Amino acid sequence: MGLSVQMRAVMFILVLVPAHHPTAGGGHDPLLVLDGYKDDGIQLKCFSERLFSEVQLLWTDDRGDNVTGTPLTTDTTTGNTSSSIILKPGSGNSMSCKIVDKLLKTSTESSVVIAENNKTTTSEQNAQKEIQKEIDELNDELAEEQERFQKEHQDLLSKIEKVQNELEFRRAHSNAVNITLDEDCKHPCLVIEDKNKVKSSTQEEIPPKAVVVATEGFSEEKHYWEVEVADKSEWELGVVCEEIRNTLRSNTINTFPKGNLLSLRFSQGEYSLTGGNGVRNYKPCNMVGVFLDQELHKLSFFDVEEKCLLVSLSVEFSGKLYPFFSPGSDGKWLVVSPVHT
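Residues numbered from 1 in each chain as written. Predicted model: local features only at pLDDT ≥ 70, side-chain atom pairs only at ≥ 80, totals over all residues. Heavy atoms only, no water.

Draft legend 1. Highlighting the pattern of salt bridges. Evaluated as defined, the whole model comprises 16 salt bridges. Here E166 ties to R170 by a salt bridge, and the two come within 3.5 Å at their closest N and O atoms. Residue E166 and its partner R170 are located together in helix α1 (residues 122-173), separated by four residues, close to a single helical turn. A relative accessible area of 30% places E166 in the partly exposed class. Its relative accessible area of 42% is what places R170 among the partly exposed residues. Linked through salt bridges whose partners overlap, the residues forming this network are R50, E54 and D101. (Salt bridge = Lys/Arg side-chain N within 4 Å of Asp/Glu carboxyl O. Helix = DSSP H or I, 4+ residues; strand = E, 2+ residues; numbered from the N terminus. Buried < 20%, exposed > 50% of the residue type's maximum accessible area, 1.4 Å probe, protein only.)

Encoded structure:
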């Protein structure tokens with residue numbers, strides 16, 4: 001598509017009007033030059049043989065108001081007086097340059113009058129409308145392309161994120177181990193069945209850390225296990241240090257000992273971490289994958305069905321760590337499931 005430029009017929013009439021106001025001696029008419037188009041206007045330049053130190057150069061418009069010009073030289077001490085302005089559309093059609101002798105109090109000036117013919121033909125008006133129509137159509141096409149590109153870009157980022165999540169899940173999944181629940185290391189209000197199921201024996205409120213710890217503990221390498229939480233309204237999964245595990249085995253007062261642990265908890269439709277910090281608003285999941293990486297000192301939790309990461313925690317304590325499970329007080333089974341590879 002070609003764009004045409006609207007041509008306007010402009011007639012320049014240069015009228016030099018010497019206006020002498022002598023008080024002594026004589027003056028010198030300034031030379032006024034139309035220097036062509038610049039910055040959407042017409043550039044005017046005014047020159048005088050007199051020095052900047054001798055005279056003052058003033059610009060005035062057709063209303064008699066002073067207009068600030070720009071010196072054409074940086075030497076305003078010994079240089080000849082000169083200045084320029086740009087006559088913008090709508091700023092009038094005439095301009096005067098006046099040279100005022102500072103000592104003799106005389107002045108001379110030159111003026112220019114610019115007459116514009118702004119009349120456009122019907123064909124020019126139609127051409128302008130067509131050009132504007134094409135511009136509008138191009139802008140619409142550009143907006144549509146930008147919207148399409150942004151959508152495709154977002155779709156691509158989502159696909160990349162999904163592939164990365166699944167890759168991370170597959171790597172964790174390849175380190176599956178068997179987990180059994182330790183009958184000798186559980187809260188008295190919990191019931192264990194088949195060494196892989198646990199639930200509360202009462203639906204009354206139980207201590208927040210009514211847990212059962214696994215028989216297996218891990219001090220090195222990588223280990224992954226899965227827990228079926230199904231439609232349970234609350235649960236907590238994680239790892240505890242060996243000190244807590246040993247205390248629970250010999251505990252007779254049914255209180256949870258202080259020590260190092262990391263966990264992910266689900267309650268009232270929301271996930272939270274050890275210490276109560278919130279987690280991104282994920283939907284409830286049926287199967288949770290737990291991945292303990294003792295090489296990178298990291299504990300991660302996955303949504304097994306979606307094959308995506310829920311959250312990762314840094315393991316900032318060393319030694320053997322034991323999986324633990326808290327089924328909550330809803331009376332439903334929490335199941336440590338065998339991992340199918």
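Draft legend 2. Representation of the sheet that holds strand β11 (residues 190-193) in the model. Pairing within the open sheet is antiparallel, and its seven strands lie in the order β11-β12-β22-β14-β18-β19-β20. In this open sheet, the two edge strands, each paired with only one partner strand, are β11 and β20 (308-314). Across this sheet, the average inter-strand angle for adjacent strands is 20 degrees, counted without regard to direction. Contacts from α1 reach β14 (222-228), β18 (287-293), β19 (298-303) and β20, with the element oriented near 105 degrees to β14. (Pairing = 2+ DSSP bridges. Axes fitted to C-alpha atoms, helices over the stretch in contact; angles between N-to-C directions. Contact = heavy atoms within 4.5 Å.)

Draft legend 3. Geometry of the sheet that holds strand β7 (residues 80-87). Strand order in the open sheet made by the four strands is β2-β3-β7-β6, with antiparallel pairing throughout. Edge positions in the sheet fall to β2 (31-38) and β6 (70-71), since each of these pairs with one other strand and no more. In this sheet, β7 lies alongside β6 in antiparallel orientation, the contact comprising two bridges. Counterpart to P71 in the pairing with β7 is S83.

Draft legend 4. Broad picture of the confidence of the model for the protein chain. Across the protein chain, the average pLDDT comes to 83, with 84% of residues at or above 70. Considering each helix and strand of the protein chain separately, the mean pLDDT is smallest for strand β1 (residues 9-15), with a value of 39, and largest for β14, with 97. Overall, residues 1-27 carries pLDDT values under 50, and its contacts beyond four positions in sequence, including any with other chains, amount to 57 contacts. (pLDDT = per-residue confidence, 0-100.)

Draft legend 5. Structural detail: the state of the cysteines. In this structure the tally under the stated criterion is one disulfide. The side chain of C46 participates in a disulfide bridge whose partner is C97; the two sulfur atoms lie 1.9 Å from each other. When the S-S torsion is -85 degrees, as for the bridge of C46 with C97, the disulfide is left-handed. With a gap of 51 residues between them, C46 in strand β3 (residues 41-51) and C97 in strand β8 (residues 94-101) connect regions that are remote in the sequence. (Disulfide = S-S within 2.5 Å.)

Draft legend 6. Summary view of the nonpolar core. Counting residues in each nonpolar core, the largest one holds 48 residues, and the members touching the most others are W225, W235, L237, L264, Y271, F301 and F325. Among the elements that make up this core, the one with the highest residue count is strand β15 (residues 234-241) (five residues). Leave out the neighbours within four places in its chain, and W225 touches V177, I179, F218, G238, V239, V288, G289, V290, L292, P323, F325 and V339. One finds I42, L44, C46 and L57 within the second-largest nonpolar core, a separate group that totals 14 residues. (Core = buried A, V, L, I, M, F, W, Y, C linked by side-chain atoms within 4.5 Å.)

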